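Structural overview for review
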Amino acid sequence: MNPIETLSRVGKEVSACTQCELHFSRKHAVPGEGPADAEIVFIGEGPGFHENEQGRPFVGAAGKFLEELLAKIGMKREQVFITNVVKCRPPGNRDPKPEEVETCVSCYLERQLQAINPKVIVTLGRYSMGYFVPNVKIGDVHGQSFRVRGKLVIPMYHPAAALHQGSLKPILENDFARLPELIGKAALAPEAIDNNPPQQQEPPKQLSLF
Ligand code: URA
């Protein structure tokens, strides 16, 4: 199966999925969207109200802000793949349960990532970060590069968090501003990636090797 076929197959399976209790309350499952050859995959937490209504990821206020962040680095959402760790809306916007994340990621997200084989994975918020880079605080590691099973993973704040807490906005913008450069460096050895660019003015940090 080629990547387009795999993504289409995964999308159909997600839409019919009954693997966890989230399927009882969903209106539409949200597999994710974007080109099969995307260089960047953005991974959020889970569908919210609007995503559940439309079956598409990041179509509410957080999605609008994500599009603005992309525009600032000269990119459009159509160029990137956007998805979530859980594909169905947790009722009342509760946090996804660990077992829901585990099931959904192993059944679907892993296959999506394998098909797309992106240069860079950007996790948006704590839940997707926790899957790739466990036991760290987002305040400590946002914008840094981690090599996880051969992939460059960059944790960032969730756009919705920045909408609620204005002080996070420039931090997220600054982390986004470094993305083009990091895409270019994704194929390089981990030591070649500078996690401590001058404009960040943060103490030196180490690139983790998994
Ligand atoms: N928040 C997320 O984490 N994902 C979406 O798709 C929308 C909002």
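Residues numbered from 1 in each chain as written. Predicted model: local features only at pLDDT ≥ 70, side-chain atom pairs only at ≥ 80, totals over all residues. Heavy atoms only, no water.

**A look at the nonpolar core**
Within the largest apolar cluster, 59 residues are counted, with the highest numbers of intra-cluster contacts made by Ile40, Phe42, Val120, Phe132, Phe176 and Leu179. Of the residues forming this core, the biggest block, 9 residues, is contributed by helix H5 (residues 98-116). Once you skip the residues sitting within four places of it in the chain, Leu179 turns out to touch Ile40, Phe42, Ile73, Val120, Val122, Ile154 and Met156. (Core = buried A, V, L, I, M, F, W, Y, C linked by side-chain atoms within 4.5 Å. Buried < 20%, exposed > 50% of the residue type's maximum accessible area, 1.4 Å probe, protein only. Helix = DSSP H or I, 4+ residues; strand = E, 2+ residues; numbered from the N terminus. Contact = heavy atoms within 4.5 Å.)

**Things to note about the pattern of salt bridges**
Counted by the stated rule, this structure contains 14 salt bridges. Note that Lys97 is salt-bridged to Glu21, the shortest N-O span being 3.2 Å. Residue Lys97 is found in the loop between strand S2 (81-84) and H5, and its partner Glu21 is found in the loop between helix H1 (3-15) and helix H2 (22-25); the two are separated by 76 residues along the sequence. The shortest N-O distance in the salt bridge between Arg178 and Glu181 comes to 3.8 Å. A network of salt bridges, in which partner residues are shared, links Glu21, Arg94, Lys97 and Glu100. (Salt bridge = Lys/Arg side-chain N within 4 Å of Asp/Glu carboxyl O.)

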